[in-house]
Structures are given as structure tokens and as C-alpha cells.
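Close look at the chain arrangement
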Amino acid sequence: MLGALGAQSSNSDSLNDRRLERAREHVNKYWFPVNHLLVEKIRAGFETGAYDLDLDFLLFEIKTDLALFTHCLKRVGEMMRAEGAHLMGCLNPMDFLRWAGLERLKEIINDDELLRTKHALDGISSEQLSPMQKAIVGASAAEVISQTQNLNPEIGFSAGLLRQLGLIMIAWNYPQVYHAALTNLRPGADIDVSLSQALGFSPVMLAMTLANEWGLAPEFNAVWGGQDVPPTRNVPAGGSNELLRRLGKICEVSEALAKANAPELYPQAEHDWQTARREIVSLLGSENLELIRKQVKDNCENYVAHYPQLFDGLADFDPPRRIEAAVRSKAARENPYLRHCPDVLKRKLLALYSNLNTDQVSRENLLVLIKDIIPQAGYSGGVIFVLDPGTNLLMPRVKLGR
């Protein structure tokens, strides 16, 4: 009996390995869309010599586009293998791009294949935007916290971003599976667990498989908490265990913060927020989120500048407000009477719900209710009652109409 169970487990693992390999081939083929306008801007910079004396300026531009940054890492990894080059024990993906230098990066970015993809940012959905926003928050937080802990912020940024890469890839390349996982998200579960059950591998496993293929140091897996992925080559630790431990902790905190800022993906966002808050105070000495907020804004600058109508909300880093809005949105969805309202009235009520604050009565919200929503609903008059916290009674506050 035990032997049969062992064989069954082995067959299941083999099936999941095959699924992961097929997924690796699929996402490598289609990736996710680069910022076309940024690519055109960089290509123009090559022509004018803008990067000839400042490679780091080019790397900063590349870093502001998640798809371009990861695509360049993939292509540079291919170039290194073709040339028989390697960076032993390299934990900093940005050093891959520095090794490539201006001419190789120019070759990668000028390649017409870069813009030939079935995906386009113009067609992005809110579901596909969420994991990109989560990636920017996680990467930016890891970048800032690493710097405050006297660690290389480039490694922090890269680790924070690559940890989210699998989720982005699934959102773009398995949209039906991703949509179904979101739609059927159970209370207490999160999107990563649902996708693992549906696909047979986790988003993080997919991301680590890609990173291992590029040639990043296997220790990078430990930074993500991916110790279950075997190293692809031997790399001397060289006393880096403490560095990896600290980076791993930073990634955990950044991940919790990114989840807290994405309550639409993670129903346990409130718990993640409290965890992240406590750890940030432990690491930074205070709940100083302004540095992270600024870094988030800087890292999505080109998205917002080139596609403002699509990405205006990308720099929206405010976990408590987003969690509160998600709670209100859930309450609105659960209002059984909304479905009987005309569409115009339904939209107005949902907009009102999204602006409610449980801590205070807003005069602006009352005016919207009195002047817009109540007349739209067809009422000629009435009274608005407000809960008095002292007596815990509803008290008449505003009389309107007849």
C-alpha cells in the first residue's frame, strides 16, 4: 500500500514538472507587453548617444518597465550561454545587464521581435494590472528597505520584482485560468494558492524556473523562500548566508506589504498589513512609508507618463485605504437590493460606497446623497438619520424635499 502511494506521489510530481516545463516554454514565447513608447524613447537615445557615457542611466530606464527589464535579463542570459560566459555566484541581476554593456543591450532593444507580441498594454485589464502593481510595490519596498539596512538596493529591487514575475506571467498568458481563480477565490485563500491548485505549480515556482534558466545564482531562490528548487550549478557560498538571510527577511516584509496593497487578490490583506507594519517598524525604527511611496512613484514613472489613462492608479500605494475600499466594495456587492436598481443609480451608489469613511460623516457624501442619488431614485423628500455613537441610536440629521 505504501509503495502504491509512493508511486502515485511520484507520478503526480512528474506531471507537475511537465506542466511547469510547458508553462516555461509558453511564457517564454509570449512574455508580457513592454512599454512601446519607452522602447521608442530608448531607441532614440541610442541614436543621439544619450547613454554612451552613462550606462546606469540606461539601466534606470530599463528598470522602470517590468517587461523590458525581465526580457533583457532573459536575452542576456542567452547571450552569456552562447558566449560561454558566466558570473559566478551573481546575486545582482543588474550586473548581468552591466556585463552586457551598451552594444549588447542596444542589440536586444533594437530587435524588432521585442515589439512583436500578442499582448499589448493598450488592452490591459484591471485583473492584469493588479499583479503588475503588486510587483512594483514589492520591488520598491525591498529596494528601500535594503538601502536602509546597508544592503545593495539593486538586489532588493530585483528580488522583490522577480518574486512577483510568475503571477504577472500567468495573468497575461493564462487569462482564463487566472480569471477563474479570482472569481472563485474563497474566504481565507489567496490567488497564489488558487493558481497552484489549478495549474499544478505556484507562480513563485514559475518565476524561479525562469530565473534559474537565465543563470542567476541558485542562492537567489532562497531569497524568495524557494529552497525547494534544487540549484542548477554549484556556487561557493563565500560567507553569504547572512546576506541571504537578511535579503530573505526583506523579501518577506515587502511581500506582505505588496499583498496588503492588493486586497482584490489577497482577502487576508488586513493581516498582511499588520504583519508588514510591525516588521517595517522593527527594520526602520518607525512606520515610515513615505520613502516606499516615493520609490513606487519613481519606479512606475514611465508607465504613468506614457499611458496615463491606463496607469494613473499604478502609483496608488496606500494599504489601509485600499483595504477599506475593498471591504466597502465587498459590502456593496453583497447588498441584495442593488441588483434591482437601474444601472445609473447602481453606479452612483457604488461610487458613494467607495468614498464612505467609517470614522466620520462626510458633508460631501451627504450632498451627493441629497442632491444626486435620492432624486435619481425618484424620491421627492425624506429624512437622513445618522448613528449617534454616544447613545448608539439613529438620530434624524437632515430633512429634505417635501
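These notes cover the structure that comes with them. (Residues numbered from 1 in each chain as written. Predicted model: local features only at pLDDT ≥ 70, side-chain atom pairs only at ≥ 80, totals over all residues. Heavy atoms only, no water.)

1. Focus on the side chain of Q149
Inspection of the secondary structure puts Q149 in the loop between α6 (126-148) and α7 (153-173). A distance of 2.9 Å separates a polar atom in the side chain of Q149 from the backbone oxygen of L283. Apart from the residues lying within four places of it in its own chain, the contact partners of Q149 are R246, I250, L283 and L284. (Helix = DSSP H or I, 4+ residues; strand = E, 2+ residues; numbered from the N terminus. Polar contact = N/O pair within 3.5 Å; in protein donor to acceptor, adjacent residues only side chain to side chain. Contact = heavy atoms within 4.5 Å.)

2. Re the packing of helix α4 (residues 66-83) against α7
It is the contact of α4 with α7, at a shortest axis distance of 11 Å, that shows an interaxial angle of 100°. When the axes of α4 and α7 are compared, the pair comes out roughly perpendicular. Contacts between α4 and α7 involve L66, F69 and T70 on the former and, on the latter, F157, S158, L161, L162, L165 and I168. Among the residues making up the contact of α4 with α7, the classes are represented as seven nonpolar, two polar and no charged. (Axes fitted to C-alpha atoms, helices over the stretch in contact; angles between N-to-C directions. Parallel < 35°, antiparallel > 145°, perpendicular 65-115°, else oblique. Nonpolar A, V, L, I, M, F, W, Y, C, P; charged D, E, K, R; others polar.)

3. Quick word on the packing of α6 against helix α8 (residues 175-183)
Relative orientation of the contacting elements α6 and α8 amounts to 85°, with a least axis distance of 11 Å. One element, α6, and the other, α8, form an angle in the roughly perpendicular class. Seen from α6, the contacting residues are E127, Q128 and P131; seen from α8, they are Y178, H179 and L182.

4. Comments concerning the packing of aromatic side chains
Aromatic rings considered in pairs are described by the distance between their centres and by the relative angle of their planes. In this structure the tally under the stated criterion is six aromatic pairs. Between the aromatic rings of Y303 and F311, the centroid separation amounts to 4.9 Å while the plane-to-plane angle is 40°, which identifies the pairing as tilted. Exposure class is identical for Y303 and F311. Each is buried. Between the aromatic rings of Y307 and F311, the centroid separation amounts to 6.2 Å while the plane-to-plane angle is 80°, which identifies the pairing as edge-to-face. The exposure class of F311 is buried, given its relative accessible area of 0%. Taken together, the ring pairs in this structure connect F46, Y51 and F57 into an aromatic cluster. One residue, K118, lies across the ring of Y30, its end atom 4.3 Å from the ring centre. (Phe/Tyr/Trp six-rings, centres within 6.5 Å; stacked < 30°, edge-to-face > 60°. Buried < 20%, exposed > 50% of the residue type's maximum accessible area, 1.4 Å probe, protein only. Lys NZ or Arg CZ within 6 Å of the ring centre and 35° of its normal.)

5. Looking at the pairing of strand β2 (residues 393-401)
Looking down a regular strand, the side chains alternate between one sheet face and the other. In this sheet, β2 lies alongside strand β1 (residues 381-388) in antiparallel orientation, the contact comprising eight bridges. Bridged to D388 within β2 is L393. Connecting the antiparallel pair β1 and β2 is a turn made up of four residues, with N392 showing a positive phi of about 60°. (Pairing = 2+ DSSP bridges.)

6. Here we look at unusual backbone geometry
One non-glycine residue with positive phi stands out, namely W31, at about 50°. Position of W31 among the secondary structure elements: in the loop between α1 (2-30) and α2 (36-48). Of note, N150 is a non-glycine position whose phi angle comes to about 60°, a positive value. Secondary-structure assignment places N150 in the loop between α6 and α7. The exposure class of N150 is exposed, given its relative accessible area of 72%.

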